[in-house]
Amino acid sequence: MARVYNFSAGPAVLPEEVLKEAAAEMMDYQGSGMSVMEMSHRSKVFDNIIKEAEQDLRDLLNIPDNYKVLFLQGGASQQFAATPMNLMKNGVADYIVTGQWAKKACQEAAKYGKANKIASSEDETFAYIPDCSDLPISEDADYVYICENNTIYGTKFHTLPNTKGKILVSDVSSCFLSEPMDITKYGVVYGGVQKNIGPAGVVISIIREDLITDDVLEGTPTMLKFKTQADNDSLYNTPPCYGIYICGKVFKWLKKMGGLEVMKQRNEEKAKILYDFLDQSTMFKGTVRKEDRSLMNVPFVTGDKDLDAKFVAEATAAGFVNLKGHRSVGGMRASIYNAMPKEGVEKLVEFMAAFEKANA
Ligand SMILES: *Cc1c(COP(=O)(O)O)cnc(C)c1O
């Protein structure tokens with residue numbers, strides 16, 4: 001068995017312990033005589049799995065009782081539509097556009113109401129987070145929307161925007177559970193789990209209870225109505241059972257590691273190794289404004305397309321895979337989610353230093 005160092009932006013690396021446990025339970029989950037893939041979502045065994053997963057997530061994030069936790073499908077992208085459908089009572093929302101995911105969410109919302117772009121960093125290829133301390137928030141805005149960690153560009157909101165009392169909705173797909181967060185600051189927090197938590201196919205949405213109502217846009221599909229999912233504890237129809245089971249295992253792993261404060265420290269240490277290297281390198285450069293850097297996604301370039309390609313090819317051959325940058329930024333991107341060991345980042349930096357010397 002040869003495991004590589006997988007720097008993919010998503011679907012992405014998962015803890016080896018979790019994969020091994022899942023493998024050991026594949027044929028017979030805890031004496032049930034079947035795999036979790038094969039069991040009824042209405043069974044007692046699965047009921048325990050989803051309830052425990054929810055409780056562990058609540059413990060990790062300190063989720064207050066007046067927030068519902070939903071395990072949904074359709075990817076984070078499905079929530080681009082579900083958000084306006086459920087929340088646009090006045091038909092108005094304000095979007096802060098800091099990358100392609102926020103842009104797509106804004107475009108989707110524009111199908112259902114007035115989606116105002118109140119700030120953007122597109123002028124500099126989304127390499128920074130705009131100042132959001134005093135934005136022109138619309139008086140009748142139903143919510144303010146952000147993508148908290150920009151997977152493609154490698155920026156993160158280190159300070160939440162001043163929404164002037166409006167509900168904050170945040171897509172946290174690529175920073176979910178990478179550090180503690182104060183859920184009470186948000187109306188809705190959601191994320192596709194395939195970046196930092198589990199297998200693609202599950203979206204977790206944490207929604208303040210008063211935002212879960214029957215007052216949704218006309219024509220909202222039953223499945224996309226928060227209330228349908230909340231009233232049925234995510235079991236209105238068959239949920240992504242196996243994915244939820246793996247997410248549950250990752251929550252247990254995170255608890256065992258010491259929780260989100262510890263993960264934050266680890267992630268800061270890991271990211272520092274890579275950023276410190278980039279800051280002193282004469283060949284590799286980070287592409288993002290320093291104060292807005294993400295702990296999870298680190299894009300970098302050499303400035304020479306051929307040299308970038310050579311680096312990616314040689315890195316792949318050496319067991320550092322999925323380092324090619326997103327087509328809109330070019331160069332490279334190392335995604336260093338929770339499950340990437342520190343050793344993986346150290347070895348990558350050693351490899352980069354050797355490459356720099358050999359190609360100077
Ligand atoms: C990957 C990603 C998405 C899209 O996720 P899907 O599950 O493929 O729909 C949305 N937002 C962010 C921040 C992402 O990283």
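Residues numbered from 1 in each chain as written. Predicted model: local features only at pLDDT ≥ 70, side-chain atom pairs only at ≥ 80, totals over all residues. Heavy atoms only, no water.

Regarding a nonpolar patch on the surface
Okay, step 1: Together, M26, M27 and M37 line one region of the surface with nonpolar side chains, adding up to about 340 Å² of accessible area.
Okay, step 2: Here M26 shows up in the loop between α1 (16–24) and α2 (44–61). (Patch = residues over 30% accessible without salt bridge, like charges linked within 9 Å, V, L, I, M, F, W, Y side chains within 5 Å. Areas by Shrake-Rupley, 256 points an atom, 1.4 Å probe, with all protein chains shown as cover. Salt bridge = Lys/Arg side-chain N within 4 Å of Asp/Glu carboxyl O. Helix = DSSP H or I, 4+ residues; strand = E, 2+ residues; numbered from the N terminus.)

Re the nonpolar core
Okay, step 1: Counting 88 residues, the largest nonpolar core has L61, L177, I204, I206, F251, F284 and F311 as its most contacted members.
Okay, step 2: Ranked by the residues each element gives to this core, the list is headed by helix α6 (residues 241–257), at ten residues.
Okay, step 3: For F311, the contacting residues outside a window of four places in its chain are F284, F300, L323, M332, L348, F351, M352 and F355.
Okay, step 4: In terms of nonpolar packing, the next biggest core, distinct from the first, is built from 30 residues, A76, M88, V97 and Y143 among them. (Core = buried A, V, L, I, M, F, W, Y, C linked by side-chain atoms within 4.5 Å. Buried < 20%, exposed > 50% of the residue type's maximum accessible area, 1.4 Å probe, protein only. Contact = heavy atoms within 4.5 Å.)

Considerations on the layout of surface pockets
Okay, step 1: Of the volumes computed, that of the largest pocket is approximately 360 Å³.
Okay, step 2: Of the residues forming the lining of the largest pocket, the biggest block, three residues, is contributed by α1.
Okay, step 3: Its residues assigned to classes, the lining of the largest pocket comprises eleven nonpolar, one polar and four charged. (1 Å grid on protein atoms, 1.4 Å probe; cavity = no way out; pocket = protein on both sides within 12 Å on 5 of 7 lines; lining within 4 Å. Points joined across faces, edges and corners; volume = space filled by probe spheres on them. Nonpolar A, V, L, I, M, F, W, Y, C, P; charged D, E, K, R; others polar.)

Digging into the sheet that holds strand β10 (residues 203–208)
Okay, step 1: In spatial order, the strands read β2-β10-β9-β8-β5-β3-β4; together these seven strands make up an open sheet with mixed pairing. Single-partner strands in this sheet number two, and they are β2 (67–72) and β4 (114–120). Pairs of neighbouring strands in the sheet enclose a mean axial angle of 20 degrees, with direction left out of account.
Okay, step 2: In the sheet, strand β3 (residues 92–97) pairs with strand β5 (residues 144–147) via two bridges, with the strands oriented parallel. The partner of Y95 across the bridge, within β5, is Y145.
Okay, step 3: Sheet strands touched by α2: β2 and β10. Its angle to β2, the strand with the most contacts, is close to 130 degrees.
Okay, step 4: Relative to strand β9 (residues 188–192), helix α3 (residues 75–87) is tilted by about 160 degrees, and along the sheet it contacts β2, β3, β5, β8 (168–171), β9 and β10. (Pairing = 2+ DSSP bridges. Axes fitted to C-alpha atoms, helices over the stretch in contact; angles between N-to-C directions.)

Notes on the site of the ligand
Okay, step 1: Taken together, G75, A76, S77, F80, W101, C147, N149, T151, D171, S173, Q194 and K195 make up the full set of residues adjacent to the ligand.
Okay, step 2: At a separation of 3.1 Å, an oxygen atom of the ligand approaches a polar backbone atom of A76.
Okay, step 3: With respect to the ligand, the side chain of T151 contributes an N or O atom lying 2.4 Å from an oxygen atom.
Okay, step 4: Notes on the ligand: free accessible area 380 Å², of which the protein chains cover 87%.
Okay, step 5: With four residues, α3 is the largest single contributor of residues to the shell around the ligand.
Okay, step 6: Residue composition of the shell around the ligand, by class: four nonpolar, six polar and two charged. (Near = heavy atom within 4 Å. Polar contact = N/O pair within 3.5 Å; in protein donor to acceptor, adjacent residues only side chain to side chain.)

Observations concerning unusual backbone geometry
Okay, step 1: Of note, the bond from G10 into P11 is cis; its omega dihedral lies within 30 degrees of zero at -15 degrees.
Okay, step 2: In this fold, P11 is placed in the loop between β1 (5–6) and α1.
Okay, step 3: Positive phi values are uncommon outside glycine, yet N62 reaches one of about 55 degrees.
Okay, step 4: For N62, the position within the fold is in the loop between α2 and β2.

Quick look at the sheet that holds strand β14 (residues 332–335)
Okay, step 1: What the three strands build is an open sheet, ordered β11-β12-β14; its pairing is antiparallel. Pairing within the sheet leaves two strands with one partner each, and these edge strands are β11 (285–286) and β14.
Okay, step 2: The sheet contact formed by β11 and strand β12 (residues 297–301) spans two bridges and is antiparallel. Residue pairing across strands places K285 opposite V301, the latter belonging to β12.

Considerations on the pairing of β8
Okay, step 1: Where burial is concerned, the two faces of β8 agree: the one with L168 and S170 and the one with V169 and D171 are both buried.
Okay, step 2: Direction of pairing for β5 relative to β8: parallel, over a ladder of four bridges. Within β8, the residue paired with C147 across the bridge is D171.

Description of the packing of α3 against helix α4 (residues 100–109)
Okay, step 1: The contact between α3 and α4 brings their axes to 8 Å, and the two run at 40 degrees. The orientation of α3 with respect to α4, classified from their angle, is oblique. When the axes of α3 and α4 are compared, the crossing they make is right-handed. Note on element contacts: α4 touches α3 through W101, K104, A105, E108 and A109, opposite S77, F80, A81 and P84.
Okay, step 2: Partitioning the contact of α3 with α4 into residue classes produces six nonpolar, one polar and two charged. (Parallel < 35°, antiparallel > 145°, perpendicular 65-115°, else oblique. Left-handed = near helix turned anticlockwise from the far one by under 90°.)

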